[in-house]
Amino acid sequence: MDVALYTHVDMLDHRPGDGHPERPERLRAVIDALSDATDLALIPNDAPLAEEADLARVHDPAHLERIFRLAPTEEVHVLDEDTYMSAGSLVAARRAAGAAVKAVRDVATGRVQRAFCAVRPPGHHAEPGLPMGFCIFSNVAVAAKAAQAAGLKRIAVVDFDIHHGNGTQAAFAGQDGLFLASIQQWPMWPGTGHPSENVAGNIANAVTPPGAPAEVWRQAFEGLLDQVDAFAPDLIIVSAGFDAHRRDPIGGAGQSLEEADFAWATRAIVSVAERRAKGRVVSSLEGGYDLEALGRSALAHVRALADG
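The notes below deal with the structure included here. (Residues numbered from 1 in each chain as written. Predicted model: local features only at pLDDT ≥ 70, side-chain atom pairs only at ≥ 80, totals over all residues. Heavy atoms only, no water.)

Observations regarding the environment of Leu180
Here Leu180 is to be found in strand E7 (residues 178-185). Accessibility expressed as a relative area gives 0% for Leu180, which makes it buried. For the pair Leu180 and Ala141, spaced 39 residues apart in sequence, the C-alpha separation works out to 9.8 Å. Excluding anything up to four places from it in sequence, Leu180 contacts Val157, Asp159, Gly165, Thr168, Gln169, Phe172, Asn202, Ile203 and Ala204. (Helix = DSSP H or I, 4+ residues; strand = E, 2+ residues; numbered from the N terminus. Buried < 20%, exposed > 50% of the residue type's maximum accessible area, 1.4 Å probe, protein only. Contact = heavy atoms within 4.5 Å.)

Comments concerning helix H3 (residues 61-70)
Those residues of H3 lying buried are His63, Leu64, Ile67 and Leu70. The arc that holds the buried residues of H3, viewed along the axis, is 150 degrees, so those residues lie on one side. In this structure, H3 carries Pro61, Ala62 and Arg69 as exposed residues pointing more than 90 degrees from its buried face. Looking at the buried residues of H3, the elements they touch are helix H2 (52-55), strand E3 (77-78), strand E4 (84-85) and helix H4 (89-108). (Arc of directions from axis to C-beta.)

Considerations on the pattern of salt bridges
Considering all chains together, one arrives at 20 salt bridges under this definition. Taking the shortest distance from any N to any O, the salt bridge between Arg95 and Asp10 comes out at 2.8 Å. Here Arg95, found in helix H4, pairs with Asp10, found in the loop between strand E1 (3-7) and helix H1 (24-35); they are 85 residues apart in sequence, far enough to count as distant. Judged by relative accessible area, which is 15%, Arg95 ranks as buried. A salt bridge links Glu22 to Arg26; its shortest N-O distance comes to 2.7 Å. Exposure class is identical for Glu22 and Arg26. Each is buried. Salt bridges sharing common partners tie together Arg247, Glu259, Asp290, Glu292 and Arg296. (Salt bridge = Lys/Arg side-chain N within 4 Å of Asp/Glu carboxyl O.)

See below:
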């Protein structure tokens with residue numbers, strides 16, 4: 001199956017600074033890995049700028065006003081201890097959200113069935129009123145709302161980044177037609193996402209301990225997908241973070257996943273999508289900070305999207 005690819009060179013111009021793990025080379029590693037794969041039939045699409053009206057479906061007006069106002073022209077502006085804006089960051093963040101929005105709209109119209117958004121900055125930590133954890137806009141949450149507006153009423157997000165998607169959870173909590181299934185290491189920053197946490201009924205969290213073997217992670221992930229299956233979504237959006245890879249300098253010290261595990265998880269997601277959502281899956285890049293592991297994992301993920 002052909003997979004639509006949404007990306008843009010402007011996202012390379014988000015430059016948090018030397019030594020920051022969320023660096024432009026991450027996107028280059030993903031695009032290079034996909035470009036070198038002669039077995040993939042990718043449909044290239046330029047990621048548009050997300051409109052303020054789309055961002056406002058999730059983000060508070062004060063948050064949007066602050067981000068648009070603070071966009072620097074030269075110096076790097078510190079949003080929090082992990083999250084920075086350079087001269088190219090606002091455009092990059094709008095294209096990151098815009099990629100996912102365009103992808104879900106194309107799926108809603110039947111133009112494509114599967115899509116991968118190769119984007120940065122990531123989004124799943126950005127809350128409605130707060131940038132956080134390298135994230136400026138909540139890319140997948142914005143896309144989920146856009147998908148509902150386009151007629152796909154029941155949207156599930158599956159997040160397998162090693163860090164909890166606290167921003168998606170904050171945007172989804174108690175919202176009709178939205179469901180979040182998130183697996184993360186515990187304990188782990190940002191300190192949310194434990195199953196004992198008191199959350200709305202449309203949120204499902206699962207955790208694995210540091211050093212957990214892949215079999216333990218897979219078992220927990222299967223339990224989450226059972227809940228996604230029961231939700232019967234019209235579309236599944238994936239927060240595709242690859243920092244649970246064993247090589248990852250931020251997350252992988254605590255987990256032991258390989259690219260084959262991400263491919264397995266993707267095939268499991270596609271299986272639910274085939275049963276419940278007419279095969280519709282849109283994936284958006286989140287974490288992953290070892291360049292070699294990131295490229296290999298993203299390629300395995302997109303291949304699994306195409307194989308379904």
